[in-house]
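Report on the structure
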Amino acid sequence: MSTTTTPPAAPAALHDCRDAYVEALIAAADADPRIVAVVNDSVGSSKLAPFAKRFGDRLINVGIAEQDMVGVAAGLANGGKVPFVSAASCFLTARAMEQIKVDAAYSQHHVVLCGMSPGMAYGELGPTHHSIEDIAWLRAIPGLTVVSPADPAETAQAVRWAAGHDGPVFLRISRMGVPDVNVADYTFVPGKAVTLREGSDVTIIANGTAVTRALAGADQLADEGVSAAVLSMPTVKPLDVDALVAAARSTGALITVEEALTSGLGGAVAEVVVRHHPVPMRMIGVPDAFAPTGSAGWLMDHFGISAAGVVAAAHELLGR
């Protein structure tokens, strides 16, 4: 007697958002001769070789000098160019913080800061190369838009938007492979959240690489009879206050998930909720600690930035 089984669904293809970043940047540079790239000896890790080949005279490599890199970009912006500053997020944001604050944000220059390989993407290189603090300290800078795209399509759209936005922007460009999570006709709108899944018991709010893990957690909760909404929050600053308040009112419980210190997206959401509609919350991410050395996937699981971590947080909130 034979039995017929349904083959398991093929796993979703994973994509490096740096590829989408470079393709979108080349397209934008084709359309706008003002666009230039400024790097800190990071052409390879930023995957900018195709840009360099196409626009050799529009790529400025300052060497390993991050403060100079942002300062040069601000000078270029002051001269009418649109610089995309591309460097590992850990070095871009930590070493050049004063220049980001003063030369880009305070001066309101059209500088696009592209933090490559953020979070724990450089896992095996340890805490010196982890960029888990970037969202927390950049969201404290006035006038700086902070965006953490969840998939390649959102990354490309954020690049195109930033090219036309008259002001300083930080884009967090993922290195870890992620699947497509947004619908085919999705349009990125700065400051707007995206409802990826409806739910009534709890709302999971995530961005960047954590979105796919939030969705996996919602799937597991559904199997247990828990209805979890998933809200993608690509823009950390400005936050979609209306969407957050609506989520707090409709489900009465919130979970934030991020590949960063919980004082990033989690802290930002908590600040909004406590002022407008306080509800129980759990924040999943890296606590007040340096992340240990290990692969990026292992580190995410270690800190509960996973489907299992989301399920555990929901159980705790809902008293299960």
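Everything below is about the structure shown above.
Since the model is a prediction, treat every value here as computed from it, not as a measurement.

1. Focus on the sheet that holds strand 7 (residues 194-197)
Here five strands make up an open sheet; going across it, the order is 7-9-8-11-12 and the pairing mixed. Bordering the open sheet on either side are strand 7 and strand 12 (281-286), each of which pairs with just one other strand. Geometrically, the sheet is characterised by an average inter-axis angle of 25° between neighbouring strands, direction not taken into account. Relative to strand 8 (residues 202-206), helix 9 (residues 241-251) is tilted by about 150°, and along the sheet it contacts strand 8, strand 9 (228-232) and strand 11 (254-261). Helix 10 (residues 265-276) rests against strand 8, strand 11 and strand 12 of the sheet, and its axis sits at about 145° to strand 11.

2. Focus: the pattern of salt bridges
Pairs can form between side chains of opposite charge whenever their charged atoms are close. Going through the model one piece at a time under the given rule, you end up with eleven salt bridges. Notably, a salt bridge pairs D16 with K47, separated by 3.4 Å at the nearest N-O pair. Of this pair, D16 sits in the segment before helix 1 (17-31) while K47 is found in the loop between strand 1 (35-39) and helix 2 (49-54), placing the two residues 31 residues apart along the sequence. By relative accessible area, which is 15% here, D16 ends up buried. You can call K47 partly exposed: its relative accessible area is 29%.

3. Structural notes on the packing of helix 9 against helix 10
At their nearest, the axes of helix 9 and helix 10 sit 10 Å apart, and the two run at 65° to each other. For the pair helix 9 and helix 10, the sense of crossing is right-handed. Along the contact surface, helix 9 presents V241, L244 and V245, while helix 10 presents V269, V272 and H276. Looking at the contact of helix 9 with helix 10 residue by residue, the class counts come to five nonpolar, one polar and no charged.

4. Observations regarding empty space enclosed by the protein
All chains considered together, the criterion is met by one cavity of 30 Å³ or more. Here the largest cavity defines a volume of roughly 50 Å³. Lining the largest cavity are P118, S148, P149, R172, S174, G208, T209 and E259. Here the lining of the largest cavity is composed, by residue class, of two nonpolar, four polar and two charged.

5. Quick notes on the sheet that holds strand 6 (residues 169-173)
Taken in spatial order, the seven strands of this open sheet run 2-1-3-4-6-5-10, and their pairing is mixed. Edge positions in the sheet fall to strand 2 (59-61) and strand 10 (235-237), since each of these pairs with one other strand and no more. Neighbour-to-neighbour, the strand axes of this sheet turn through a mean angle of 20°, independent of strand direction.

6. Here's the deal with helix 7 (residues 152-164)
End to end, helix 7 covers 19 Å across 13 residues, agreeing with the expected 18 Å (1.5 Å per residue, within 8%). Along helix 7, the residues that are buried comprise P152, E154, T155, A156, Q157, A158, V159, A162 and A163. Contact partners of the buried residues in helix 7: helix 1, strand 1, strand 3 (82-88), strand 4 (112-116), strand 5 (145-147) and strand 6.

7. Description of the packing of aromatic side chains
For the structure shown, the criterion picks out two aromatic pairs. Summarising the aromatic geometry, the rings of F51 and F55 are spaced 5.0 Å apart at their centres and angled 50° between planes, so their arrangement reads as tilted. When sorted by exposure, F51 lands in the same class as F55, which is buried. Geometry around F55 places R58 over its ring, the cationic atom sitting 4.5 Å from the centre.

8. Description of the side chain of T256
Its location among the elements puts T256 in strand 11. Not counting chain neighbours up to four residues away, the residues in contact with T256 comprise I205, G266, V269, M281, R282, M283 and I284.

9. Things to note about the pairing of strand 4
For strand 4, the buried fraction is high: five of the five residues fall into the buried class. Here strand 4 shows a buried face lined by V112, C114 and M116 and a second buried face lined by L113 and G115. One ladder, built from five bridges, connects strand 3 with strand 4; its direction is parallel. Across the sheet, A87 pairs through a bridge with G115, a residue of strand 4. Of the strand pairs in this sheet, strand 4 and strand 6 are connected by five bridges, and their pairing is parallel. Opposite L113, over in strand 6, you have F170 as the bridge partner.

10. With respect to the nonpolar core
One finds L92, L113 and L254 to be the most contacted residues of the largest nonpolar core, which totals 39 residues. Secondary structure elements with two or more residues in this core: helix 3 (66-78), strand 3, helix 5 (97-106), helix 6 (134-138), helix 9 and helix 10. Sequence-distant contacts of L113, defined by excluding residues within four places in its chain, comprise V70, V85, L92, I100, L144, V169, F170 and L171. The next biggest cluster of nonpolar side chains, apart from the first, holds 35 residues, and it includes A150, M300, F303 and V311.

Reading guide: rules and limits
Residues numbered from 1 in each chain as written. Predicted model: local features only at pLDDT ≥ 70, side-chain atom pairs only at ≥ 80, totals over all residues. Heavy atoms only, no water. Pairing = 2+ DSSP bridges. Helix = DSSP H or I, 4+ residues; strand = E, 2+ residues; numbered from the N terminus. Axes fitted to C-alpha atoms, helices over the stretch in contact; angles between N-to-C directions. Contact = heavy atoms within 4.5 Å. Salt bridge = Lys/Arg side-chain N within 4 Å of Asp/Glu carboxyl O. Buried < 20%, exposed > 50% of the residue type's maximum accessible area, 1.4 Å probe, protein only. Left-handed = near helix turned anticlockwise from the far one by under 90°. Nonpolar A, V, L, I, M, F, W, Y, C, P; charged D, E, K, R; others polar. 1 Å grid on protein atoms, 1.4 Å probe; cavity = no way out; pocket = protein on both sides within 12 Å on 5 of 7 lines; lining within 4 Å. Points joined across faces, edges and corners; volume = space filled by probe spheres on them. Expected span 1.5 Å × (residues − 1). Phe/Tyr/Trp six-rings, centres within 6.5 Å; stacked < 30°, edge-to-face > 60°. Lys NZ or Arg CZ within 6 Å of the ring centre and 35° of its normal. Core = buried A, V, L, I, M, F, W, Y, C linked by side-chain atoms within 4.5 Å.

Geometric descriptors of this kind do not, in isolation, establish any biological role.
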